[in-house]
Amino acid sequence: MRFPRNTRVRVALAVGATALGLVASAGSAYAAPAVRTASVAPAVAPQDAASTCTDSSSEDGNIAGCMAAARAMQWVDANGGQGVIYNQGDGTSGFGDYRADCSGFVSYALHISDTSPTPGGLVSGQMYESNGFVDVAKDNLQQGDVLTNPSAGSQGHVVMFDHWSDSSHTAYWGFEQHGPSGSYGTAYRLITYPYDDPNAGTFYPQHYTKLVPPTPPPAQTPAETAASSTLVHDGYTSVYTVDASNGHLQETYLPKMGGSWATQDLSNNYGTPAVLAGTQPVAIYHDGYTSVYTVDASNHHVQETYLPKMGGSWATQDLTANYGTPATSVTPTTVLHQDWLSVYTIDQSNGHLQETYLPKLGGPWYSKDLAATDGAPASANIKPVSIMHGGYTSVYTVDAGTGHVRESYIAALGQNWVTQDFTAKYGTPATTVAPTVAVHQGWTSVYTLDSNGDLQETYLSAIGQPWYSKDLVPQSGTPAASLNTAPIALFHGGYTSVYTVNASNGHLEESYFSQLGSPWTSQDLSAKYGTPNPTGAIDALVHPDANQNMVYASVYSIDSGSNQLQETYLAAIGQAWRSQSLSVGYGTPTASVI
């Protein structure tokens with residue numbers, strides 16, 4: 001199924017509607033719209049939800065597809081969720097002067113006048129190559145477009161398209177007002193393309209030319225988001241993975257809320273070298289560019305694959321060959337800080353923390369050895385993690401000799417780097433797993449796993465204050481975590497969550513609290529919501545809902561049973577989590593690394 005973008009779910013009606021003719025009343029000034037009946041039955045298709053947003057449209061003006069869906073949902077939700085009773089009379093819908101039939105419903109959803117050119121809204125025949133409707137290719141249908149049979153009288157019918165059910169484009173989720181007259185007729189359901197009654201005549205896909213995109217969401221905030229293999233950029237949500245069969249870099253992306261996911265092979269299409277096994281892609285959005293950093297499997301060079309602007313072509317360059325970044329066998333990290341872009345790596349020859357940085361877009365990159373500058377000991381072959389917080393830039397690493405957790409930081413660009421040992425100074429237990437970091441409600445927290453797999457938090461309430469360390473397990477009850485999967489932290493909807501994999505049963509676990517000072521709680525996402533047991537790395541992302549609020553939380557993992565890319569997502573705090581395979585519905589190759 002496609003990724004839902006709203007929590008209001010309507011069970012699918014049974015596919016297979018039957019046409020029932022109705023003769024226009026005598027003296028009618030226009031051909032009466034058809035009556036369509038659909039039998040209501042227990043769901044035979046997956047549940048889904050329409051992507052909606054706040055309606056700011058005006059009559060006969062521009063409208064976003066998510067606004068049209070929000071208006072349509074008003075009918076779906078009417079009468080306690082039973083919908084609106086079907087009636088072809090003007091003003092019978094309870095929504096202005098709109099008719100309570102198929103075309104009156106679609107006219108209301110698209111905010112087309114209920115008085116002109118036709119009382120009660122347009123009829124289905126007026127939604128074909130006129131009144132702002134134009135022909136559109138099947139594969140270019142978007143939320144708010146329609147499928148119409150423009151035949152006169154009882155032979156005509158129209159439904160509003162919401163989104164494709166999967167990448168095959170054989171069925172779609174749509175809105176429909178159907179008969180018989182006097183019965184509740186509003187439905188949000190799965191419909192076989194173009195319409196699921198073969199006796200209902202010919203349906204034509206029509207684009208409504210007043211459809212406009214919603215306001216783009218903001219970019220991720222560097223101060224709160226550590227770079228990872230997931231990204232929000234120019235309104236897109238992207239997940240970068242590595243194809244298990246050939247090491248190719250893959251992008252699985254969602255172009256807009258309410259659309260369908262798609263997948264492309266960046267190695268095949270744009271020349272990104274095969275990715276080194278055991279390393280992950282790391283992505284960042286900066287100055288309008290999207291950059292993904294990987295390690296070349298053939299020579300361990302650090303590679304940048306970048307997109308200058310949405311709709312353009314990706315390009316790739318070798319930062320090691322071009323700018324002297326040392327070869328590495330460890331996943332890099334990256335951060336945007338004070339308008340500089342920096343990529344941090346571990347030099348495979350000596351374990352030194354290395355910075356490759358771009359002071360100005362369009363200028364050259366530079367590379368320097370931070371360990372040589374501040375005398376920090378060699379780092380283990382464990383992924384570093386970087387963040388900007390309170391004006392400081394920090395990179396967290398693990399000491400190769402002791403397993404101690406370290407912080408290398410600068411207060412401002414141009415100042416000297418300083419390294420401190422969290423384990424020695426603040427009691428953070430030694431670790432063999434990459435740390436994770438979150439900036440939440442003004443605090444900075446570094447989460448690690450000790451040798452027993454117990455989840456630890458080392459936190460800073462404000463710059464200039466001391467760090468503190470505590471074991472979260474006694475309070476949260478988080479089961480011992482697998483040392484084969486690094487924890488991932490996420491700040492979403494006011495909550496702070498840390499995701500781990502249970503060492504005893506392989507389940508995906510969430511440990512969370514609602515606000516600073518409140519107790520931690522733990523829940524098993526696999527047991528409660530069906531997330532398959534993950535293998536390898538996991539990742540998490542906050543991305544926008546259809547109203548462009550950054551409230552959707554998604555956790556991405558690789559299914560240990562099928563090697564498929566899995567998404568476990570939460571539409572809003574207080575709602576239930578859901579889980580779906582992006583490989584099954586949207587063609588992401590089986591992925592060895594996320």
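Residues numbered from 1 in each chain as written. Predicted model: local features only at pLDDT ≥ 70, side-chain atom pairs only at ≥ 80, totals over all residues. Heavy atoms only, no water.

As summarised here, the arrangement of the 6 strands in space is β6-β11-β7-β8-β9-β10, forming an open sheet in which the pairing is antiparallel. Each edge of the sheet is formed by a strand with only one pairing partner; in this case those strands are β6 (133-135) and β10 (186-192). Taking each pair of neighbouring strands and ignoring which way they run, the sheet shows an average axis angle of 40°. One ladder, built from 3 bridges, connects strand β7 (residues 146-149) with strand β11 (residues 204-208); its direction is antiparallel. Bridging from a neighbouring strand, Leu 147 pairs with Pro 205 of β11. (Pairing = 2+ DSSP bridges. Helix = DSSP H or I, 4+ residues; strand = E, 2+ residues; numbered from the N terminus. Axes fitted to C-alpha atoms, helices over the stretch in contact; angles between N-to-C directions.)

Cis geometry marks the peptide bond from Ser 116 to Pro 117; its omega dihedral reads 5°. Structurally, the position occupied by Pro 117 is in the loop between α3 (102-109) and β6. The residue Asn 79 is not glycine, and still its phi comes out positive at about 55°. Residues other than glycine seldom take positive phi values, yet Asp 234 does so here, at roughly 50°. For Asp 234, the position within the fold is in the loop between β13 (230-233) and β14 (236-243). Residue class for Asp 234 comes out partly exposed when judged on its relative accessible area of 41%. (Buried < 20%, exposed > 50% of the residue type's maximum accessible area, 1.4 Å probe, protein only.)

Topologically, Trp 164 is positioned in strand β8 (residues 157-164). Along the sequence, Trp 164 and Leu 190 sit 26 residues apart, while their C-alpha atoms lie 9.1 Å from each other.

This next bit is on the pattern of salt bridges. Tallied over the entire structure, the rule returns 7 salt bridges. A salt bridge links Lys 368 to Glu 355, with the shortest nitrogen-to-oxygen separation between them at 3.9 Å. Note that Lys 368 is positioned in strand β24 (residues 366-369) and Glu 355 in strand β23 (residues 353-358), a separation of 13 residues in sequence. Because the salt bridges share partners, they merge into one network encompassing Glu 176, Arg 189 and Asp 196. (Salt bridge = Lys/Arg side-chain N within 4 Å of Asp/Glu carboxyl O.)

Let us look at the packing of helix α1 (residues 65-76) against α3. Axis angle and axis distance: for two packed helices, these are the angle between their axes and the distance between the axes, and together they describe the pair. At a closest axis distance of 8 Å, the pairing of α1 and α3 adopts a crossing angle of 135°. One way to sum up the angle between α1 and α3 is to call them oblique. Contacts between α1 and α3 involve Ala 68, Arg 71, Ala 72, Gln 74 and Trp 75 on the former and, on the latter, Gly 104, Phe 105, Tyr 108 and Ala 109. Here the contact of α1 with α3 is built from residues that sort into 6 nonpolar, 2 polar and 1 charged. (Parallel < 35°, antiparallel > 145°, perpendicular 65-115°, else oblique. Contact = heavy atoms within 4.5 Å. Nonpolar A, V, L, I, M, F, W, Y, C, P; charged D, E, K, R; others polar.)

Let us look at the layout of surface pockets. Taken as a whole, the second largest pocket encloses approximately 410 Å³ of empty space. Of the residues belonging to the lining of the second largest pocket, the class tally is 10 nonpolar, 10 polar and 1 charged. (1 Å grid on protein atoms, 1.4 Å probe; cavity = no way out; pocket = protein on both sides within 12 Å on 5 of 7 lines; lining within 4 Å. Points joined across faces, edges and corners; volume = space filled by probe spheres on them.)

Take the sheet that holds strand β17 (residues 282-286) next. Spatial ordering of the open sheet is given by β17-β18-β19-β20, a layout of 4 strands whose pairing is antiparallel. In the strand order of this sheet, the two ends are held by β17 and β20 (315-318), each with one partner. Taking each pair of neighbouring strands and ignoring which way they run, the sheet shows an average axis angle of 25°. Bridge count for strand β18 (residues 289-295) against strand β19 (residues 302-307) is 6 bridges, and the pairing is antiparallel. Following the sheet pairing, Thr 290 is matched in β19 by Leu 307.

β17 sits mainly inside the fold: 4 of its 5 residues count as buried. Sheet topology places β17 next to β18; 5 bridges connect them, and they run antiparallel. Bridged to His 286 within β18 is Tyr 289. In sequence, β17 turns back onto β18 through a hairpin of 2 residues, with Asp 287 there showing a positive phi of about 50°.

A few words now on the confidence of the model for the protein. Looking at the protein, the pLDDT average stands at 86 and 89% of residues meet or exceed 70. This stretch, residues 1-46, has a pLDDT under 50; its non-local contacts, to residues over four places away or in other chains, come to 167 contacts. Here residues 217-223 is modelled with pLDDT under 50, and outside its nearest four sequence neighbours on either side it reaches 18 contacts, counting other chains as well. (pLDDT = per-residue confidence, 0-100.)

Attention now goes to the nonpolar core. In terms of nonpolar packing, the biggest core is built from 38 residues, with Trp 75, Val 106, Leu 110, Phe 133, Met 160, Phe 175 and Tyr 208 touching the most fellow members. Taken together, the elements giving at least two residues each to this core come down to β5 (63-64), α1, α3, β8, β9 (171-177) and β10. The element best represented in this core is α1, accounting for 8 residues. In this view, Trp 75 contacts Gly 83, Val 84, Ser 93, Phe 95, Tyr 98, Arg 99, Ala 100, Gly 104, Phe 105, Tyr 108, Gln 177 and Thr 186; residues no more than four positions away in its chain are not counted. (Core = buried A, V, L, I, M, F, W, Y, C linked by side-chain atoms within 4.5 Å.)

A separate point is the side chain of Gln 420. As for its position among the elements, Gln 420 is in strand β28 (residues 418-421). Within polar-contact distance, the side chain of Gln 420 engages the side chain of Lys 425 at 3.1 Å. Only 3.2 Å separates the side chain of Gln 420 from the side chain of Tyr 426, close enough to count as a polar contact. Beyond its immediate chain neighbours, meaning those up to four positions away, Gln 420 contacts Val 405, Arg 406, Glu 407, Tyr 409, Lys 425, Tyr 426 and Trp 467. (Polar contact = N/O pair within 3.5 Å; in protein donor to acceptor, adjacent residues only side chain to side chain.)

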